[in-house]
Structures are given as structure tokens and as C-alpha cells.
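# Fold and geometry: a report
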Amino acid sequence: MTYNTLDDWPNAPHQLFDEWMKDAEKTEPHDPNAMCLATVGDNNMPSARMMLLKGHDERGFVFYTNGESKKGTQLAENMAAALCFHWKSLQKQVRIEGHVELVSQEDADAYFNSRPRNSRIGAWASKQSRPLAHRDNFQSRFEHYEEEFEGLDIFPRPAYWRGYRVIPQSMEFWINEDFRLHRRCVYTPQEDGSWQKTMMFP
């Protein structure tokens, strides 16, 4: 595909994202679902970090985290975020900007209990993004919850551990070309459920 005209770009951005993600799963050596998540709190200072995408469909892009972490508190203050996927092996990138909503309690519970046991215990033990005087303090908290949930295959999700869905207001697809003559197309949702496509200068 040359992507020289608007007609070369598919009408459905989620379908195109699925295709690129499947390609990345074949070529990326580590975490093809890795993405940069950017949030902004009430101090208007942006903050970015790498996350893992845990689900995506036409409703949006889902990730999970501690709601009391820096990103969680920023999202509580400003329910908007930006995502960036960069697949070096494909020389492709996708940028997403949109509003954020919480996933259902049922979906959060289901995903939490699909995680490895130690990851779930770690979610209980970690006071994410808050000062830690000594690593041993964290280890002690981990051992406390390890003992508390001993013998249980399924145990409760911490109330502060939540799922978030980014609902795109913009999706930009980027293809690397020599001499920085890249190809770009931005999709924006329309009221009738369709998407408007706009090719951009690199």
C-alpha cells in the first residue's frame, strides 16, 4: 500500500490499528502493546510514562493502574489523555488523543484476577508513586499481603486499582519514509459514527 491519496487509507481507524498491532506482534521483540501515556493534572504540567495496552476495540483503548498513583490522580483531575505507540521494527507510529472513562467494576475485577499472582499481591503492597524510605519496607508489605492471601487463587481487587479507557477524539497514523518525508493521516470521529480522514504534511 502506497498511501498516496485519502482513498488509500481505510475508512475505519480501529481496523487499521488492529492490522498494525498484529504486524507488530510478529516483529517487535518485546511488548508490542507498549505505549506512552501522557496525562495532565490541575497544575497543567504534562507527565508521560510507558504503559501496556490491555484491550482495545471500537469503544477505545484500555489500561489498568493504581488510581492513587501520579497518573491516577492526574486523571481524576483531568479525564483526558494521549497515547503514542511506536513500533521501530515496522517504522510506524500511532498517536491517540481523547477523553478517559473508567471501565466497569466487573471488567476491572476480571482483568485483575487474570494477572499473575505476584502481580496482584504487588498491587496491594505498593503505595505507587509515593516516597519509599527503604526497599525493605516494600518487601515487608509484599510479604504481609502474601500471607493474607495465602491459599487463595482468587482474591479481591484493591478499590484503588482501576481500569481506564481512552476514547479517541483523534487518531494519527504515521509511516516513516527516507529523508523525513513521512506519511501521516489523522482520523477524527463524526457525529454519525463515521471518521473524517485528513492527510498531513510530514
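Above: the structure in question.
Described below are features of the structure shown in this document. On a predicted model such as this, the values are computed, not experimentally measured, just so you know. Within every chain, residues take consecutive numbers counted from 1 along the sequence as written. The predicted origin of the model limits local features to residues at a pLDDT of at least 70 and limits the giving and counting of side-chain atom pairs to 80 or more, whereas totals for whole chains, interfaces and linings rest on all residues. The side-chain numbers reported here are obtained from all heavy atoms of the structure, hydrogens and water having been left aside.

### Quick notes on the packing of aromatic side chains
- Pairing of aromatic rings covers Phe, Tyr and the six-membered ring of Trp, with a centre-to-centre limit of 6.5 Å; geometry is then stacked below 30 degrees between planes, edge-to-face above 60, and tilted otherwise. Counted according to the given criterion, the structure contains 18 aromatic pairs.
- Between Phe 63 and Tyr 164, the aromatic rings sit 5.4 Å apart at their centres with planes inclined by 15 degrees, giving stacked as the arrangement. Here the residue Phe 63 occupies a position in strand β4 (residues 60-66), and Tyr 164 occupies one in strand β7 (residues 161-175), the gap between them amounting to 101 residues. Summarising the burial analysis for this pair, Phe 63 and Tyr 164 share the class buried.
- Ring-pair connections join several aromatic residues into one group, and the members of that group are Tyr 64, Tyr 111, Phe 112, Trp 124, Tyr 145, Phe 149, Phe 155 and Trp 161. Helix numbering and strand numbering both begin at the N terminus, where a helix is a DSSP run of H or I of at least 4 residues and a strand a DSSP run of E of at least 2. Only protein chains enter the calculation, and the probe is 1.4 Å; a residue is then buried if its accessible area is under 20% of its type maximum, exposed if over 50%, and partly exposed in between.

### A few points about the nonpolar core
- As used in this record, nonpolar core signifies buried Ala, Val, Leu, Ile, Met, Phe, Trp, Tyr and Cys residues forming a set joined through side-chain atoms within 4.5 Å. In terms of nonpolar packing, the biggest core is built from 28 residues, with Phe 17, Phe 85 and Phe 173 touching the most fellow members.
- Of all the secondary-structure elements, those providing two or more residues to this core are α1 (13-27), β1 (34-40), β4, β5 (80-87), β6 (92-102), β7 and β8 (183-189).
- A contact between two residues is defined here by any heavy atoms of the two lying within 4.5 Å. Excluding its chain neighbours within four sequence positions, the residues that come into contact with Phe 85 are Phe 17, Met 21, Asn 33, Ala 34, Met 35, Leu 53, Lys 92, Gln 93, Val 94 and Ile 96.
- If you look at the next biggest cluster of nonpolar residues, it comprises 16 residues, including Val 103, Trp 124, Ala 125 and Tyr 160.

### Brief notes about the layout of surface pockets
- Cavity and pocket criteria rest on a 1 Å grid covering protein atoms alone: a 1.4 Å probe that fits but cannot get out defines a cavity, protein on both sides within 12 Å along at least 5 of 7 lines defines an open pocket, and an atom within 4 Å of a point defines a lining residue. Grid points are joined across faces, edges and corners, and a volume is the space filled by probe spheres set on the points. Taken as a whole, the largest pocket encloses approximately 340 Å³ of empty space.
- In terms of lining, the largest pocket is formed by 16 residues, of which the most central are Tyr 64, Thr 65, Arg 115, Gln 128 and Trp 161.
- Elements with a minimum of two residues in the lining of the largest pocket: β2 (46-52), β4 and α4 (117-125).
- Of the residues belonging to the lining of the largest pocket, the class tally is seven nonpolar, six polar and three charged. The classification used treats Ala, Val, Leu, Ile, Met, Phe, Trp, Tyr, Cys and Pro as nonpolar, Asp, Glu, Lys and Arg as charged, and all other residues, Gly among them, as polar.

### A closer look at the environment of Ala 82
- Structurally, the position occupied by Ala 82 is in strand β5.
- Expressed as a C-alpha distance, the spacing of Ala 82 and Phe 61, which sit 21 residues apart in the sequence, is 11 Å.

### Quick word on helix α2 (residues 70-77)
- Those residues of α2 lying buried are Lys 71, Gly 72, Gln 74 and Leu 75. The buried residues of α2 occupy an angular sector of 165 degrees when projected down its axis, which confines them to one face.
- Of the surrounding elements, those touching the buried residues of α2 are β1, β2, β4, β5, β6 and β7. The directions considered for the arc run from the helix axis to the C-beta atoms.

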